[in-house]
Amino acid sequence: MKESKTLKWIFISVGGILICLISFTLIYDLLIPDICYYHTNEMNPIMNLFYSAGGADNGHPSPNLLNLIASLIIGGILGFGIYKYLTNKNKRKIKTTANTV
């Protein structure tokens, strides 16, 4: 695969969007199986960083801005890593040593 700025930004964008979707759906469901639990209980400090449970959400936790930013950054880094791996794949050559008789 040839290197190009457009392709790099496509990989970074798609990685960020995919990680956001995973964070807002799968990870949310795994971390918070019962959303009504937080009507009577407090969230721990780690949950308070990434989720907010305010009056607008009727006391149910929902992802906040920090969660979105962290997801986009992690996804962008993963997308960039995949881009670098795929573009450097052609540059790497596997050298094999075989005994010739």
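Reading guide: rules and limits
- Residues numbered from 1 in each chain as written.
- Predicted model: local features only at pLDDT ≥ 70, side-chain atom pairs only at ≥ 80, totals over all residues.
- Heavy atoms only, no water.
- Helix = DSSP H or I, 4+ residues; strand = E, 2+ residues; numbered from the N terminus.
- Buried < 20%, exposed > 50% of the residue type's maximum accessible area, 1.4 Å probe, protein only.
- Patch = residues over 30% accessible without salt bridge, like charges linked within 9 Å, V, L, I, M, F, W, Y side chains within 5 Å.
- Areas by Shrake-Rupley, 256 points an atom, 1.4 Å probe, with all protein chains shown as cover.
- Salt bridge = Lys/Arg side-chain N within 4 Å of Asp/Glu carboxyl O.
- 1 Å grid on protein atoms, 1.4 Å probe; cavity = no way out; pocket = protein on both sides within 12 Å on 5 of 7 lines; lining within 4 Å.
- Points joined across faces, edges and corners; volume = space filled by probe spheres on them.
- pLDDT = per-residue confidence, 0-100.
- Core = buried A, V, L, I, M, F, W, Y, C linked by side-chain atoms within 4.5 Å.
- Contact = heavy atoms within 4.5 Å.

A.B. asks: An account of unusual backbone geometry is needed here, citing residue identities and associated values.
C.D. replies: With phi around 60 degrees, Asn58 is a residue other than glycine that occupies positive phi space. Within the element layout of this structure, Asn58 appears in the loop between strand S1 (51-52) and strand S2 (62-63). Judged by its relative accessible area of 53%, Asn58 falls in the exposed class.

A.B. asks: Can you tell me about a nonpolar patch on the surface, naming the residues and giving the values?
C.D. replies: Nonpolar side chains collect at one region of the surface, where Phe24, Leu65, Leu68, Ile69, Leu72, Ile73 and Ile77 lie side by side and expose about 630 Å² of accessible area between them. Examining the composition of the nonpolar patch, we find that six residues originate from one element, helix H3 (residues 65-88), more than from any other. Structurally, Leu72 is set in helix H3. For Leu72, a relative accessible area of 41% puts it in the partly exposed group.

A.B. asks: Any chance you could break down the layout of surface pockets for me, citing the residues and the numbers?
C.D. replies: For the largest pocket, the calculated volume is near 170 Å³. Ile19, Ile22, Ser23, Ile27, Phe50, Tyr51, Asn67, Ala70, Ser71 and Ile74 together form the lining of the largest pocket. At the level of secondary structure, the elements contributing two or more residues to the lining of the largest pocket comprise helix H1 (5-31) and H3.

A.B. asks: Account for the confidence of the model for the protein chain, with residues named and values stated.
C.D. replies: With 88% of its residues at a pLDDT of at least 70, the protein chain reaches an overall mean of 89. Mean pLDDT values for the elements of the protein chain range from 92 in S2 up to 96 in H1.

A.B. asks: Could you give me a rundown of the nonpolar core, with the residues and numbers involved?
C.D. replies: One finds Tyr28, Ile32, Tyr38, Met43, Met47 and Tyr51 forming the largest nonpolar core, which totals six residues. Contact partners of Tyr51, with chain neighbours within four places excluded, come to Ser23, Ile27, Tyr28, Leu31, Ile32, Met43, Pro61, Ser62, Pro63, Asn64 and Asn67.

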